[in-house]
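Descriptive structure summary
One letter stands for each residue in the lines below.
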Amino acid sequence: MEILGIDIGGSGIKGAPVDVSNGVLTAERFRIPTPNPSTPEAVGEVVVEIVRHFDWKKPVGCTFPAIVQHGVTHSAANVDQGWVHFDAEHFLRQKTGCPLCLVNDADAAGLAEGAFGAAKDVPGVVMVLTFGTGIGSALLLDGKLVPNFELGHLEIRGKDAEKRASDLVRTQKDLNWSKWATRVNEFLARLEMYFSPDLFVIGGGVSKNYAKFGGYLHTERAKIAPAQLLNEAGIVGAAMAAKEMAAHEMAAHELAAHELAAKDLVIAELPPKKVAVKKK
Ligand code: BGC
């Protein structure tokens with residue numbers, strides 16, 4: 001089964017069809033820079049352009065870099081404020097005309113790493129962290145996602161963790177790998193104290209440079225592994241989320257059809273109504 005995965009990021013919006021049985025992209029990625037300001041209307045237009053590029057009419061999975069609860073976006077740390085408490089899934093469904101599932105970007109990365117990457121078949125508690133414009137986090141328990149862990153906003157030294165240790169901050173402050181890793185280690189130590197994960201998966205834009213900083217990272221107990229899907233994690237994870245949505249919707253349709261059929265059966269079984277005939 002192929003699903004179109006779209007990854008809405010701080011600098012680019014990328015899409016590609018994904019074979020959800022193996023997490024492989026079946027066509028070349030198509031990327032458009034994220035509009036500025038990144039209002040729902042402007043971003044929606046780009047999503048439509050990507051859907052049109054692939055002439056897509058089937059289910060779509062789409063990431064968003066904010067809290068996404070039941071299709072509604074509830075925060076906007078690195079995007080236009082118009083997304084706060086916005087029924088984004090419904091909006092994008094209407095714009096694209098496709099069945100569409102919206103998922104937090106780090107949660108998508110978690111789903112992808114859990115299914116095909118560094119967290120595949122790893123039991124226990126796995127934390128997938130994405131370092132990019134912000135810091136995203138996903139929690140997997142025995143491979144199952146617990147959505148909307150917003151740990152990039154944990155306060156460290158009076159600041160959001162992502163304002164100290166994101167990849168954007170590394171480049172803005174021109175931190176060398178070891179200096180940046182010291183900040184990341186402080187974050188990991190805090191997470192380890194609160195959650196005791198068995199494994200940290202380090203993902204996001206920075207993960208392609210893992211060889212340069214991986215050696216500086218350390219924890220007390222948790223293992224650390226680089227993400228394996230690199231910049232495809234969002235696209236693949238979005239498609240995985242939409243696969244679950246499609247399965248649920250199909251099941252709901254089947255249930256509705258079943259209930260309807262059962263009703264028909266009951267109606268058919270009712271004895272014909274007696275019509276009172278007035279005697280003259
Ligand atoms: C947002 C998260 C997102 C992360 C990575 C944070 O600022 O609050 O929802 O997952 O950035 O994009």
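Residues numbered from 1 in each chain as written. Predicted model: local features only at pLDDT ≥ 70, side-chain atom pairs only at ≥ 80, totals over all residues.

Taking burial as the measure, the 8 residues of strand β2 (residues 12-19) include 6 buried ones, the bulk of the element. Taking the residues that link successive antiparallel strands as the turn, the strand β1 (residues 2-8)-β2 hairpin has 3 residues. The pairing of β2 with strand β4 (residues 30-33) spans 4 bridges and is classified as antiparallel. What sits directly across from Lys 14, in β4, is Arg 31. Here 2 bridges tie β2 to strand β3 (residues 24-25), and the two strands are oriented antiparallel to one another. Looking across to β3, one finds that Asp 19 is bridged to Val 24. Turn length for the β2-β3 hairpin, with the two strands adjacent in sequence and antiparallel, is 4 residues, and the turn residue Gly 23 shows positive phi of about 75°. (Buried ≥ 20, exposed ≤ 12 C-beta atoms within 10 Å, placed from the backbone. Helix = DSSP H or I, 4+ residues; strand = E, 2+ residues; numbered from the N terminus. Pairing = 2+ DSSP bridges.)

Bringing unusual backbone geometry into the picture now. A cis amide bond, omega 5°, links Asn 36 with the succeeding residue Pro 37. Counting through the fold element by element, Pro 37 comes out in the loop between β4 and α1 (40-53). The phi dihedral of Asn 148 is positive, around 65°, even though this residue is not glycine. Within the element layout of this structure, Asn 148 appears in the loop between β11 (144-146) and β12 (155-156). The class of Asn 148 is partly exposed, set by 18 C-beta atoms lying within 10 Å.

For helix α2 (residues 88-96), the complete set of buried residues consists of Ala 88, Glu 89, Phe 91, Leu 92 and Thr 96. On an axial view of α2, the arc spanned by its buried residues comes to 160°, and they lie on one face. Structurally, α2 contributes buried residues whose contacts are with α1, β5 (60-64), β7 (72-73) and β8 (100-104). Gly 97, located one to two residues past α2, shows a positive phi value of around 75°. (Arc of directions from axis to C-beta. Contact = placed C-beta atoms within 7 Å.)

Moving on to the site of the ligand. In the vicinity of the ligand, 16 residues are found, and the nearest of them are Pro 65, Ala 77, Ala 106, Gly 134 and Gly 136. Taken domain by domain, the shell around the ligand gets at least three of its residues from each of domain 1 (2-107 + 233-256) and domain 2 (118-228). (Near = placed C-beta within 6 Å. Domains from an automatic or database assignment.)

Okay, the domain arrangement of the chain next. Split by domain assignment, the chain resolves into domain 1 (2-107 + 233-256) and domain 2 (118-228). Centre-to-centre separation of domain 1 and domain 2, based on C-alpha positions: 24 Å. Facing 12 residues of domain 1, the contacting portion of domain 2 comprises 14 residues.

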